[in-house]
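Understanding the architecture of this molecule
For reference, the chains in residue letters:
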Amino acid sequence: MSPQDASQMVEAAGSTVPPLVAVNDFVVKFANVNGSGSASANQLFAKAILRMGIPVTPRNIFPSNIQGLPTWYEMRISDRGHMGAREGTDLMVAMNPQTWDEDVRSIRPGGYLFYDNTKALPASKFRPDITVVGMPLTSFTNAAYSVPRERQLFKNIIYVGALSALINIDPKVIEDLLAEQFRGRDKLIAANHKALHMGRDYALAHLPCPLGLTLVPSDKVGDRIFIDGNTAAALGAVYGGATVCAWYPITPSSSLPEAFTRYCERYRVDKETGKKRFGIVQAEDELSSIGMVIGAAWNGARAFTATSGPGISLMSEFIGLAYFAEIPAVIFDVQRSGPSTGMPTRTQQSDITICAYASHGDTKHVLLIPEDPNECFQFSAAALDLADRLQTPVFVMLDLEIGMNERLTAPLAWDDNRRMDRGKVMTAEDLQSGRAFGRYLDVDGDAITYRTYPGTHPTRGSFFTRGTSRDEFARYTEAGDAYQRNMERLLKKWDTAKTLVPPAIRTDAGAATKYGVIFYGSTSPAIPEALEIIAAQCDVVLDQLRIRAFPFGPEVEKFIDGHETVFVVEQNRDAQLRSLLINELETSPKKLVRVLHYNGAPITAEFIAAGIGAHLIPAPLREAAE
């Protein structure tokens, strides 16, 4: 063994804390540089673990620039099925000198640091309570490759190979994934296989394999699929009958219309004529995009746009027009950190209030709030139905955590017998038969009026669409009583919406409790684990209620009324859902306790448990603990 190899073994044995030992239950984090080509290698690593039957939840943490800044790829490996983010890193793969100190600090005591030790670092750069494993990746790669880009790209595959030996990933699984990725390009397959085994063989010969963190094949993945929320939502829009998409690029929503475009090119082109049966427009700005969506929907198409918080701000006047003129529209809001530009590539639940009451005057909008890619698919199609049924804008509230990160989820299922709900649309036959038509006339008592598509009948069923006040027959008027009747009908329609949106899902604890917790969206994966921690530390159980839509159904008020204290867990500063609960249900603010997380990182079970636990432990015990 060479002196350098010997020094690596000394590094690996130098921890003053017993190394962590875990099987199929740990966190790996890659620290890379944006634009280095590491993303595909890191995804390869995650998918290899999935192919071994072990659940993985990856998260891509990236900067809001195109190249050169730090990026991280974190994955939670959990045979127990915990999919929420977790505090601390068990194995840090440190490939970025810029973030070295931060990355080393994030490692849990007893954890592992894998790094490129081509260049020696002073002892002060390490911690005595972690196990350090060094491999001369740069010198190794430079010796094997002469082309700079090849050195950069294959270095990533080489460290994947080394890690496969260190934590016991079956190399055959990685080989198969590479063969699938480069199908038809045999030279690339062979080159990547070679790089993989270069890294693996070196690790087996010179590094302490395996580490205390190991993987063994499992069967916990089951039939679940691996997909991100934006892609699932795009596919739901296709199945739901959307034919028009107008959008303006904005992180983190852009991949949704891009995926919709791919699916339309695949499924919405007439095989015989080659004619495209869809329209997709990248507009000049967000205001134009929502205008196009409203125009298309007014003409009878199913249309949507996708944006984030800044786009919602710009769209608000048109959103108000669609609400008041009662025109269907679907808006996917993939939320990020605000206000203003905020942190474009960080996650938050920060647009709840602005979307619920978007535009000026008295407005209320339907929000659908999925928890995972499967619900993104379901709610995407449901939103198109609801928009038509209610003749109003409907928001689907994703966020970056759900939208851009791949996650294990139940297979996407579709009932082929399902038919689109186009709502109350009068046909030419209806009009010809002499049925009375008043565009804003409530004839069924549910506050939803009948509409016609342009050109339905040559002489009947026409009406003016305007943003100004009008009477039941769409005739312009500023008469106060007519305006008030219309506004009261819109409010009554809101009550109808309560019966149509997905109800909140309640999960009761195994024992009676005076405590409840309300949560929604991307907070959901961390909740079960958080409640496990609370039960173990505080000996307290909580009933759960996951909000899936606004307006709130009667089950929400019943849940709050049935508990003395209800914790509302959110990823924003101002407790926006809590404010909606207080405003809409007239609930006592003292009953709803805030648990707020808004640093842009995904919320963790430990954070939730600490936030709730602080209110469950009696004050004298808290003071003693402190």
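The rules behind the values
Residues numbered from 1 in each chain as written. Predicted model: local features only at pLDDT ≥ 70, side-chain atom pairs only at ≥ 80, totals over all residues. Heavy atoms only, no water. Domains from an automatic or database assignment. Contact = heavy atoms within 4.5 Å. Buried area = accessible area lost by both parts, 1.4 Å probe. Salt bridge = Lys/Arg side-chain N within 4 Å of Asp/Glu carboxyl O. Polar contact = N/O pair within 3.5 Å; in protein donor to acceptor, adjacent residues only side chain to side chain. Nonpolar A, V, L, I, M, F, W, Y, C, P; charged D, E, K, R; others polar. Pairing = 2+ DSSP bridges. Helix = DSSP H or I, 4+ residues; strand = E, 2+ residues; numbered from the N terminus. Axes fitted to C-alpha atoms, helices over the stretch in contact; angles between N-to-C directions. Expected span 1.5 Å × (residues − 1). Buried < 20%, exposed > 50% of the residue type's maximum accessible area, 1.4 Å probe, protein only. Right-handed = clockwise from strand over helix to strand, strands pointing away. Core = buried A, V, L, I, M, F, W, Y, C linked by side-chain atoms within 4.5 Å. Arc of directions from axis to C-beta. 1 Å grid on protein atoms, 1.4 Å probe; cavity = no way out; pocket = protein on both sides within 12 Å on 5 of 7 lines; lining within 4 Å. Points joined across faces, edges and corners; volume = space filled by probe spheres on them.

**Let's talk about the domain arrangement of the protein**
Its domain assignment divides the protein into domain 1 (3-214), domain 2 (227-409), domain 3 (424-501) and domain 4 (505-625). For domain 1 versus domain 4, the separation of C-alpha centres amounts to 37 Å. Contacts between the two partners involve nine residues from domain 1, matched on the other side by 10 residues from domain 4. Of all residues in domain 1, the largest losses of buried area upon contact with domain 4 belong to His82, Ala85 and Glu87, amounting jointly to 58% of the total for that side. Linking domain 1 with domain 4 are one salt bridge. As a salt-bridge pair, Glu529 and Arg76 come within 2.9 Å of each other at their nearest N and O atoms. Linking domain 1 with domain 4 are three residue pairs in polar contact (both at pLDDT 80 or more). In the side of domain 1 that touches domain 4, the residues fall into two nonpolar, two polar and five charged.

**Structural notes on the sheet that holds strand β22 (residues 592-596)**
Strand pairing in a sheet takes place through backbone hydrogen bonds and is either antiparallel or parallel in direction. Across the sheet, five strands lie side by side as β17-β19-β18-β21-β22; this open sheet has mixed pairing. Because the sheet does not close on itself, it has two edges, and the strands there are β17 (505-507) and β22. Recorded for the sheet is a direction-independent mean angle of 20° between the axes of neighbouring strands. Sheet topology note: the strand β18 (residues 515-520)/strand β21 (residues 565-570) ladder contains four bridges and is parallel. The partner of Val517 across the bridge, within β21, is Phe567.

**Examining helix α16 (residues 480-498)**
Between the first and last C-alpha of α16 there are 28 Å, a value that for 19 residues agrees with the 27 Å anticipated at 1.5 Å per step. Close packing links the buried residues of α16 with α11 (309-325), β14 (366-368), α13 (373-390), β20 (549-550) and α19 (576-585).

**Some words on the pairing of β21**
Along β21, five of the six residues are buried, which leaves the element largely enclosed by surrounding structure. Inspection of the sheet shows β21 paired to β22 by five bridges, in the parallel sense. Bridge assignment links Phe567 to a residue of β22, and that residue is Val593. Read as a crossover between parallel neighbours, the route from β21 over α19 to β22 is right-handed.

**Here's the deal with the nonpolar core**
Judged by nonpolar contacts, the single largest core of 89 residues is most densely connected at Ile518, Ile547 and Leu581. When residues in this core are grouped by element, the largest group, eight residues, is from α13. Look past the residues within four positions of Ile518 in its chain and what remains in contact with it is Leu545, Ile547, Phe559, Ile560, Val566, Phe567, Val568, Val569, Leu577 and Leu581. One finds Leu50, Tyr112, Val133 and Leu166 within the second-largest nonpolar core, a separate group that totals 56 residues.

**Concerning the sheet that holds strand β12 (residues 303-307)**
Ordered in space as β11-β10-β12-β13-β15-β14-β20, the seven strands form an open sheet in which the pairing is mixed. If you trace the sheet from one side to the other, it starts and ends with β11 (279-282) and β20, each paired once. Bridge analysis of β12 against strand β13 (residues 329-335) gives four bridges, and the strand direction is parallel. Bridge assignment links Phe304 to a residue of β13, and that residue is Val330. Strands β10 (244-247), β11, β12 and β13 of the sheet are contacted by helix α10 (residues 286-298), whose axis makes an angle of about 160° with β12. Packed on one face of the sheet, α11 meets β12, β13 and β15 (393-399) and runs near 165° to β15.

**What about helix α9 (residues 255-267)?**
The terminal C-alpha atoms of α9 lie 18 Å apart, and with 13 residues this matches the ideal 18 Å at 1.5 Å per residue to within 8%. Those residues of α9 that sit buried are Leu256, Pro257, Ala259, Phe260, Tyr263 and Cys264. The buried side chains of α9 occupy one side of the element, clustering within an arc of 155° when seen end-on. Exposed and facing more than 90 degrees away from the buried side of α9 are Arg262 and Arg266. Elements that come into contact with the buried residues of α9 comprise α8 (229-239), β10, β11, β12 and β13.

**Describing the layout of surface pockets**
Its volume calculated, the largest pocket comes out at about 600 Å³. When residues of the lining of the largest pocket are traced back to their parent elements, those giving at least two are β3 (56-61), β4 (70-78), β5 (89-94), α3 (100-105) and α14 (400-404). Among the elements that line the lining of the largest pocket, the one with the most residues is β3, at three residues. Taken together, the residues that form the lining of the largest pocket break down as eight nonpolar, 11 polar and nine charged.

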